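Each chain, letter by letter, is given below.
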Amino acid sequence: MPLDMLEVGNGNLTDVESRAHFSLWCVTSSPLIAGNDLRNMSDVVKSILTNKAAIAINQEYAGNAGDRLFKDGPIEVWHKPLLRNEHAVVLLNRGDAASVTITVPFSKFNISEGVKCCVGDVWTSMIETMKSNVTRHVGPHDAAFLRIAACP
């Protein structure tokens, strides 16, 4: 499901919303055509639009673009299968009021129970080992963008 207009850097979104917007853009394999003035963008906008890990997920194709896995009120979970049985996941909080804790069992991504996974955060480059599920605290209008793979 390709999205329509990439709004990062157009002045309508906060930095947090821009990061969430670009996360969804990448997980859905939507075209990466910047709609902002490239001559006059902030360092934050430039860092979002040029994030190599995010772009790599956008460009990687393993048979399907990403799609929304489920929605529960303001919480959405998006998933894109990647090559080598890896997964791109966006945990999105569309809510206005508060941070939320989002926990998703690995089984939702067809990862066998008991498999230890390395979960990489696309925006911070932090990697941690998790087993059974992924949990993130996500602020309002924000998203956690993750790459999940079985640990070696």
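So, a few notes on the structure that sits alongside this text.

Rules behind the numbers
- Residues numbered from 1 in each chain as written.
- Predicted model: local features only at pLDDT ≥ 70, side-chain atom pairs only at ≥ 80, totals over all residues.
- Heavy atoms only, no water.
- Pairing = 2+ DSSP bridges.
- Helix = DSSP H or I, 4+ residues; strand = E, 2+ residues; numbered from the N terminus.
- Axes fitted to C-alpha atoms, helices over the stretch in contact; angles between N-to-C directions.
- Contact = heavy atoms within 4.5 Å.
- Buried < 20%, exposed > 50% of the residue type's maximum accessible area, 1.4 Å probe, protein only.
- Phe/Tyr/Trp six-rings, centres within 6.5 Å; stacked < 30°, edge-to-face > 60°.
- Disulfide = S-S within 2.5 Å.

**Topic: the sheet that holds strand β5 (residues 116-121)**
Within a sheet, neighbouring strands are paired by backbone hydrogen bonds and run either parallel or antiparallel to one another.
Next up, step 1: Read from one edge to the other, the open sheet built from six strands follows the order β1-β2-β3-β8-β5-β6, with strand pairing classed as antiparallel. Each edge of the open sheet is held by one strand with a lone partner, namely β1 (67-72) and β6 (127-131). Averaged over all pairs of adjacent strands, the angle between their axes in this sheet comes to 25°, without regard to strand direction.
Next up, step 2: Relative to strand β3 (residues 87-93), strand β2 (residues 75-81) is paired through seven bridges, and the arrangement is antiparallel. Within β3, the residue paired with E76 across the bridge is L92.
Next up, step 3: Contacting β2, β3 and β8 (143-150), helix α1 (residues 15-27) runs over the sheet at an angle of about 145° to β3.
Next up, step 4: Taken strand by strand, helix α3 (residues 52-59) contacts β2, β3 and β8, and its axis lies near 70° from that of β8.

**Some points on the side chain of H21**
Next up, step 1: Tracing the sequence through the fold places H21 in helix α1.
Next up, step 2: For H21, a relative accessible area of 19% translates into the label buried.
Next up, step 3: With residues near it in sequence (within four places) discarded, H21 still touches M5, L6, E7, V8 and L13.

**Observations regarding the packing of aromatic side chains**
Next up, step 1: Scanning all chains against the criterion turns up two aromatic pairs.
Next up, step 2: Between F22 and W123, the ring centres sit 6.4 Å apart and the planes meet at 55°, which makes this aromatic pair tilted. Of this pair, F22 sits in helix α1 while W123 is found in the loop between β5 and β6, placing the two residues 101 residues apart along the sequence.
Next up, step 3: For F22, a relative accessible area of 1% gives the class buried.
Next up, step 4: Centroid distance W123 to F145: 6.3 Å. Interplanar angle 50°. Geometry classified as tilted. Of this pair, W123 sits in the loop between β5 and β6 while F145 sits in strand β8; the two residues are 22 residues apart in sequence, bridging distant segments of the chain.
Next up, step 5: F145 sits in the buried class, given a relative accessible area of 0%.
Next up, step 6: Put simply, the rings of F22, W123 and F145 pair up and form one aromatic cluster.

**Remarks on the state of the cysteines**
Next up, step 1: Inspection of the entire model under this criterion finds one disulfide.
Next up, step 2: Each disulfide pairs two cysteine sulfurs, and for C118 the partner residue is C151, the sulfurs being separated by 2.2 Å. Handedness of the C118-C151 disulfide follows from its S-S torsion of about 130°: it is right-handed. Note that C118 is positioned in strand β5 and C151 in the segment after β8, a separation of 33 residues in sequence.
Next up, step 3: Residue C118 is classed as partly exposed on the basis of its relative accessible area of 21%.
Next up, step 4: Note on C151: relative accessible area 18%, which makes it buried.

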